[in-house]
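Here are the chains, one letter per residue:
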Amino acid sequence: MDKSFLDIIDKMQGSEILILGDMIADIYLEGTISRISREAPVLVLEQASEKVVAGGAANVVNNAATLGGVVHAAGLLGDDNGADGLEGILAARGVDTKGFIRDKDRPTISKTRVIAGGRTTVSQQVVRIDKESKAPMKPEYEAKIGKYLDEVLPRVKGVVLSDYGSGTITEGLKNQILGYSQKNGIPVIVDSRYDIWRFKSVDYIKQNDAELAEAVGRELDSEADLVAAGKELLAKMSAKGVLITRGEDGMTLFGADGSVNNIPVSDKSEVFDVSGAGDTCVATVMLALAAGVEPLAAATLSNIASGIAVRKMGTSTVSAQELRDYIMKNM
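Reading the values: rules and limits
- Residues numbered from 1 in each chain as written.
- Predicted model: local features only at pLDDT ≥ 70, side-chain atom pairs only at ≥ 80, totals over all residues.
- Heavy atoms only, no water.
- Helix = DSSP H or I, 4+ residues; strand = E, 2+ residues; numbered from the N terminus.
- Rg over C-alpha atoms; globule rule 2.2 N^0.38 Å.
- Buried < 20%, exposed > 50% of the residue type's maximum accessible area, 1.4 Å probe, protein only.
- Patch = residues over 30% accessible without salt bridge, like charges linked within 9 Å, V, L, I, M, F, W, Y side chains within 5 Å.
- Areas by Shrake-Rupley, 256 points an atom, 1.4 Å probe, with all protein chains shown as cover.
- Salt bridge = Lys/Arg side-chain N within 4 Å of Asp/Glu carboxyl O.
- Pairing = 2+ DSSP bridges.
- Axes fitted to C-alpha atoms, helices over the stretch in contact; angles between N-to-C directions.
- Contact = heavy atoms within 4.5 Å.
- Right-handed = clockwise from strand over helix to strand, strands pointing away.
- Expected span 1.5 Å × (residues − 1).

Asker: For the overall build of the chain, give the residues involved together with the corresponding values.
Answerer: Per the secondary structure count, the chain includes 10 helices and 13 strands. Its C-alpha radius of gyration of 20 Å places the chain within 12% of the 20 Å reference for a compact globule of 331 residues. Viewed in the frame of its principal axes, the chain has a C-alpha envelope of about 65 × 50 × 40 Å. In the chain, which comprises 331 residues, the proportion classed as buried is 53%.

So this is what it looks like as structure tokens:
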């Protein structure tokens, strides 16, 4: 058993961090197939249940809380059932959600999945309905989030920027966090799905291999290609570290000292669902960094946590106890 990882988990307990980003409500509508509609050749479902799950940046928040962190969350929500669901889930985890600002003129970002099944059929997703406003954040709401950041930044030891491309991390809020963190030596990690280059000078970057390829504008067909791309991103972003998640090939951590560390997957047993595994990774890394853990050890532990997450169905969380149990059993 590698006791060092257990020690890291202990250090993570009570790590106080801030997470700013695109909070998404993953909504699951489950129904029983009753018949074919007479209006069109489509199924008629009798709704059986509706469940809201924390997605996007809210899943990072949820994971950080279950892993033992003291979490402050900031983002823009609508004034609807999705917002109520997210606040309820995260408040129950002990998360500070005072940074959730509601705008009644826009919907909470949501992804509604309709799941159909029957007594003799396997349930499956038949359609997904996405909802979000493309309008920029209004200045008054940006100011409210900015005020909240002013209040909590002096308290935290690390920050996650979780950017799903929906506009929550405005230039003003980004600059506010980076300016404060650089002045006060607080580590910041960014996970940006579509535009990593706008976060230049951030401390740490998390991308998957497909996002890295898009960022550098070329295919990564070999290990050498990936290493060259990772080093390019690190240098151009002036970062302290770049963590690339690579699916079945594990992770690679690039350090500002020129180091390249490959971290193999912790468990090659069946993968059920990769949804949200990157969120688990980011939450684990930042809780560890905020507790003073070295980047390679933080990344290695995040690899173990992500391996647990992908063996669960749907967007899910990993608890500190699950991490401990896995390490004591397998390492």
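Asker: Pulling in residues and values, what's your account of a nonpolar patch on the surface?
Answerer: Taken together, the side chains of I33, I36, L43, V126, V127 and I129 define a hydrophobic patch exposed on the protein surface, amounting to about 480 Å² of accessible area. When residues of the nonpolar patch are traced back to their parent elements, those giving at least two are β2 (23-36) and β7 (121-131). Tallying contributions element by element places β7 first for the nonpolar patch, with 3 residues. Note on I36: relative accessible area 52%, which makes it exposed.

Asker: Go over the sheet that holds β7 with me, naming the residues and quoting the values.
Answerer: Pairing in this open sheet of 4 strands is mixed, and the strands run β3-β2-β6-β7 from one edge to the other. Edge positions in the open sheet fall to β3 (43-56) and β7, since each of these has one partner strand only. This sheet shows a mean twist of 20° between the axes of neighbouring strands, independent of strand direction. By the bridge criterion, 13 bridges tie β2 to β3 in an arrangement that is antiparallel. When the sheet's bridge partners are listed, D26 is paired in β3 with V53. Packing against the sheet, helix α3 (residues 81-92) makes contact with β2 and β3, and its axis sits at approximately 50° to β3.

Asker: Please provide a residue-by-residue account of the sheet that holds strand β4 (residues 70-77), values included.
Answerer: Read from one edge of the open sheet, 9 strands run β5-β4-β1-β8-β9-β10-β11-β12-β13, paired in mixed fashion. The open sheet is flanked by β5 (96-102) and β13 (260-263), the only strands paired with a single partner. Sheet twist, expressed as the mean angle between neighbouring strand axes with direction ignored, is 15°. In this structure, strand β12 (residues 251-255) lies alongside β13, joined through 4 bridges in antiparallel fashion. The partner of F254 across the bridge, within β13, is V260. Each of β1 (16-21), β8 (158-163), β9 (188-192), β10 (204-208), β11 (241-245) and β12 touches helix α8 (residues 277-290); the most contacted strand, β9, lies at about 170° to it.

Asker: Give me the lowdown on the environment of D191, citing residues and values where you can.
Answerer: In this fold, D191 is placed in strand β9. Looking at D191, the relative accessible area reads 9%, which means it is buried. Sequence-wise, D191 and L253 are 62 residues apart; in three dimensions their C-alpha atoms are separated by 14 Å.

Asker: Quick rundown of the environment of D279? Include the residues and the values.
Answerer: Structurally, the position occupied by D279 is in helix α8. C-alpha of D279 to C-alpha of S302: the two residues are 23 residues apart in sequence and 10.0 Å apart in space. Setting aside chain neighbours within four positions, we find D279 in contact with G56, N59, V60 and Y164.

Asker: Let's hear about the pairing of β4: which residues, and what values?
Answerer: Most of β4 is tucked away, with 7 of its 8 residues classed as buried. Sheet topology places β1 next to β4; 5 bridges connect them, and they run parallel. Following the sheet pairing, L20 is matched in β4 by A74. Both β4 and β5 contribute to a ladder of 5 bridges, which runs parallel. Residue pairing in the sheet places A74 in a bridge with G99 of β5. Each parallel crossover has a hand, and for β4 linked through α3 to β5 it is right-handed.

Asker: Outline helix α9 (residues 295-309), listing residues and values.
Answerer: For α9, built from 15 residues, the straight-helix expectation of 21 Å at 1.5 Å per residue is met to within 8% by its first-to-last C-alpha distance of 21 Å. With 12 of 15 residues buried, α9 is to be regarded as a mostly interior element. Along α9, the positions that sit buried rather than exposed are A298, A299, T300, L301, S302, N303, I304, A305, S306, G307, I308 and A309. Packed against the buried residues of α9 are α1 (3-12), β11, β12, β13, α8 and α10 (320-330).

Asker: Just give me the short version of the pattern of salt bridges, but keep the residues and values in it.
Answerer: When charged atoms on two side chains of opposite charge get close, those side chains can pair. One pass over the structure, following the stated rule, counts 18 salt bridges. Two residues, R218 and E232, come together in a salt bridge whose shortest N-O distance is 3.0 Å. With R218 in the loop between α6 (209-216) and α7 (223-237) and E232 in helix α7, this residue pair connects regions lying 14 residues apart in the sequence. We note a salt bridge from K236 to E232, for which the minimum N-O separation is 3.0 Å. Linking K236 with E232, this pair stays in helix α7, spanning 4 residues, or about one helical turn. Bridged by salt links that share partners, the residues D79, D84, E87 and R102 form one connected network.

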